[in-house]
Each structure stands twice: as C-alpha cells, then as structure tokens.
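Survey of secondary and tertiary structure
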Amino acid sequence: MKNIFLFTFLLTFVVQAEETNSLKHHDHEACEHGPHDEAFKLAPIGVMGSHVHGEGELMFSYRFMFMEMEGLRDGTGRKGQSEELGHMMLMPAESYGMLPRRMTMKMHMLGAMYGLTDDWTMTLMVPWLEYDMDSSSRMMAMSGVNKFSTQSEGFGDVKIGSLYRFHKAEDYELIFNMTLSLPTGSVDEDDDTPMGNQRLGYTMQQGSGTYDLMPGITLTGHNDVWGYGAQAIATLRLGRNSEDYSKGDSVMLNTWLSRKITKNFSTSLRIELNSWKDYDGHDDELVGRKNMMPTADEDLRAGTRADALLGFTYLFTEGALAGNSIGLEAGMPFYQDIDGPNLETDYTVTLGWQVRF
Ligand SMILES: [Cu+2]
C-alpha cells in the first residue's frame, strides 16, 4: 500500500519533469502577485506558518485532521497481538494489566492570519480535539480481558504566533516563526473504565498544561512549475503544569516539493520528521498505575517519527471564491521509533479551507 502510493506519486513527478524540462526563469509579473496567484506556490495544507501576508491582508482557515493509531510498538518493532485474549498474553515479561488497542484523534482547527506590515504577520490557532481509545484490561475481568472505550473532547492549546519575513529574494523567502502555545487544553481528563472513573492516560489529555515557546525558521521558494519549502520548529515547555509535570521538548523538521499541474491545481510531496522527549515530573493520579498501563508512564513518552505525505491544493483565482484554496494531505509514517509498548501511528489525513481577504 505504502509503496504503491509513493511509487505512483514519484512517477507523476518524473513524467512531468520530462515534459517541461525547462527551469527557465519565470516572468517577473507572476512574482509580483505574491504567493496567492498559483496553487503550487502555496504550502501543503498540513504546514503551519509558511507564509506572511501583505499589510492589512486577512486570512481565515479551517482544518480537519484525522489520525489513526492501531497496534502496539516498542522501539521500531511491532508488538504482536491476537484478537481475542489479547496482546497481553504475548508479552508475559511486561505484564501490563491494561493496554490500548486503538486510538483515533480528530482535530478541528480554526486559524486566522493578519498582516501587520508586509513582512510581519500575526497568527492565531484554536484547536478542538476529540480522542477515542479502545483498550483491553485484565483487571476486574472474570476471565480473559475486558474491552472498553474511553473518550475525551475539548479545546486544545490555543496558539498565538508571529511570523517575520527577514529575507525576500525574487523567488524565495525566509521567515522567522515565533509562536506561544497557551495552556488552554485540559490535562485532567477523566473517564469511566472497568476500575471506575479514572484519570485518562497522558495521550488522551488535550493540552500540555504549560506555556510552550515554539521558535522556528521557514524557507519557501518556487520557479515556474515547482514550489518548495523547508521548516524547522522547536517546542520548548516553560515550567510545569497544574498536575506538576511538563511534556517533553520536541522538534519538527519539514520539507516539501509542490508541482504545478494547472494554475489552479497542484500536487505535493512532504516529509515531516518529529522527535519528542520524555516528560519531566508526573501526574500524581497516574503515577500509581504506570506499571499497569504504559499510557500512564511518564518515562515511556519519547519517540521519533518520519511521515511521507501526499497532498493536493486547489486555488480559486476567479469569481466569488477567488483567493480561496482547498487543501488535502494524507500521509503515513515510514519510520517510527517510540518508547513502548505504545500505539503506533498508521496514517493521518488533513483537509482544509483557506479564505483570503
Ligand atoms: Cu495565511
């Protein structure tokens, strides 16, 4: 599946590169209209903070993100599991009483961007999160395992950002990203389990609980038919949250290539690498259960993951919807190394709409 997906995509690129093998410089006209006149100059929808707006220009966006996680992994290898009596039987050495089987994340995110000057744009992002987890438990089970589901839903961490374009050349530019993540997402979500109403594991909490500083740098550029970009963003946790822990610092590296199909339509390939550390401190409500379930263990939180994502962008350039764009991106990891046993990521999908004024 993964190979076919990548192969088809690369083939598309190769064929098109043959057709238009001229990397001749674009006419100056097109460049003056900024990044909003052709679809391939826009970053894939899953990329945040990739562009600045002109002074007084406003953009609103809505994104829906879906992530599916199923099956357990420890390090880079999968943990085997059987349907019925449970994957638990396959791990006698790590006799957890409760293990997750599957988790989905749905995120609705509203975004706004406003150009204070031609080089300086302010951003706001408001996420709404929904986590659903299916687990198996040996606790309180007469025989075999209990299967049960837990859920948490609510606002995630609101992010206020500033983008400053510090270098602009004819066909590429560099942006300094600085975002502050506010502790608006809950870190004390509970739900019903076979052992009664309990604090949910760390992965089901909606926020970090801390103010997080997210400095970064973004490069974007294009020629006649190709758009490209690279971005590095760190997340640094400031202090500890109300439950007296902080999530691990993390870093994200992003690189993408977009290809013009028509003026209005483009495809993209993106590689995103994320690496994150263990937590400092722990939630007192969870620490007593860390030998029972890995999602309660503050020392099993670290990981590194690299995803390949295929994207499509459609930009309206005429009529009432001119300036609107629709983006779709779907991807899956090609490398995962996580502390475990914990759920591995299977795929992510992002669908978004952006309106420019
Ligand atoms: Cu924007």
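Residues numbered from 1 in each chain as written. Predicted model: local features only at pLDDT ≥ 70, side-chain atom pairs only at ≥ 80, totals over all residues. Heavy atoms only, no water.

1. With respect to the overall build of the protein
A tally of helices and strands in the protein yields three helices and 17 strands. Across the 357 residues that make up the protein, the buried fraction comes to 51%. If you sum the accessible surface of the protein, you get close to 16400 Å²; carbon and sulfur atoms cover 59% of it. (Helix = DSSP H or I, 4+ residues; strand = E, 2+ residues; numbered from the N terminus. Buried < 20%, exposed > 50% of the residue type's maximum accessible area, 1.4 Å probe, protein only. Areas by Shrake-Rupley, 256 points an atom, 1.4 Å probe, with all protein chains shown as cover.)

2. A few points about the side chain of D191
Residue position: D191 is located in strand β8 (residues 190-193). Despite being buried, D191 has no salt bridge partner; R199 is the closest side chain of opposite charge, sitting 11 Å away. Looking at D191, its side chain comes within polar contact range of the main-chain nitrogen of Q151, at 2.8 Å. D191 has contacts with T150, Q151, G196, N197, Q198 and L200, leaving out every residue within four places of it along the chain. (Lys, Arg positive; Asp, Glu negative; His and termini not counted. Salt bridge = Lys/Arg side-chain N within 4 Å of Asp/Glu carboxyl O. Polar contact = N/O pair within 3.5 Å; in protein donor to acceptor, adjacent residues only side chain to side chain. Contact = heavy atoms within 4.5 Å.)

3. So, the coordination of the copper ion
The protein atoms that coordinate the copper ion are H51 (NE2), H53 (NE2), M59 (SD) and M113 (SD), at distances of 2.0 to 2.6 Å. The coordination sphere of the copper ion comprises four donor atoms, whose angles at the metal cover 99 to 124 degrees; the geometry is tetrahedral. (Donors = N, O, S within 2.8 Å, 3.2 Å for Na, K, Ca; no water. Tetrahedral: all angles 85-135°; square planar, octahedral: opposite > 155°, others 65-115°.)

4. Observations regarding unusual backbone geometry
The linkage connecting G340 with the following residue, P341, adopts the cis geometry, with an omega of 5 degrees. Within the secondary structure, P341 sits in strand β17 (residues 325-356). With a phi close to 70 degrees, D244 is a non-glycine residue in the positive phi region.

5. Brief notes about the pairing of strand β6 (residues 159-168)
Sheet topology places strand β4 (residues 120-137) next to β6; six bridges connect them, and they run antiparallel. Note on β6: the bridge partner recorded for M125 is K159. Examined bridge by bridge, β6 and strand β7 (residues 172-181) share nine bridges and lie antiparallel to one another. Counterpart to K159 in the pairing with β7 is S181. With antiparallel pairing between neighbouring strands as the criterion, β6 and β7 make up a hairpin whose turn holds three residues. (Pairing = 2+ DSSP bridges.)

6. Digging into a nonpolar patch on the surface
A cluster of nonpolar side chains, contributed by Y114, L116, W120, Y164, F166, F176 and I217, occupies part of the molecular surface with about 660 Å² of accessible area. The topology assignment puts I217 in strand β10 (residues 211-222). On the accessibility criterion, I217 (40% relative accessible area) is partly exposed. (Patch = residues over 30% accessible without salt bridge, like charges linked within 9 Å, V, L, I, M, F, W, Y side chains within 5 Å.)

7. As for the environment of E153
Along the chain, E153 turns up in strand β5 (residues 146-155). For E153, a relative accessible area of 39% corresponds to the partly exposed category. Distance from E153 to W128, taken between C-alpha atoms, is 7.5 Å for residues 25 residues apart in sequence. Setting aside residues no more than four positions away along its own chain, E153 makes contact with W128, L129, E130, E189 and Q206.

8. Concerning the environment of Y96
Checked against the element boundaries, Y96 lands in the loop between β2 (77-79) and β3 (98-115). What makes Y96 buried here is its relative accessible area of 10%. Expressed as a C-alpha distance, the spacing of Y96 and S137, which sit 41 residues apart in the sequence, is 8.6 Å.

The analysis is restricted to geometry; functional conclusions fall outside its scope.
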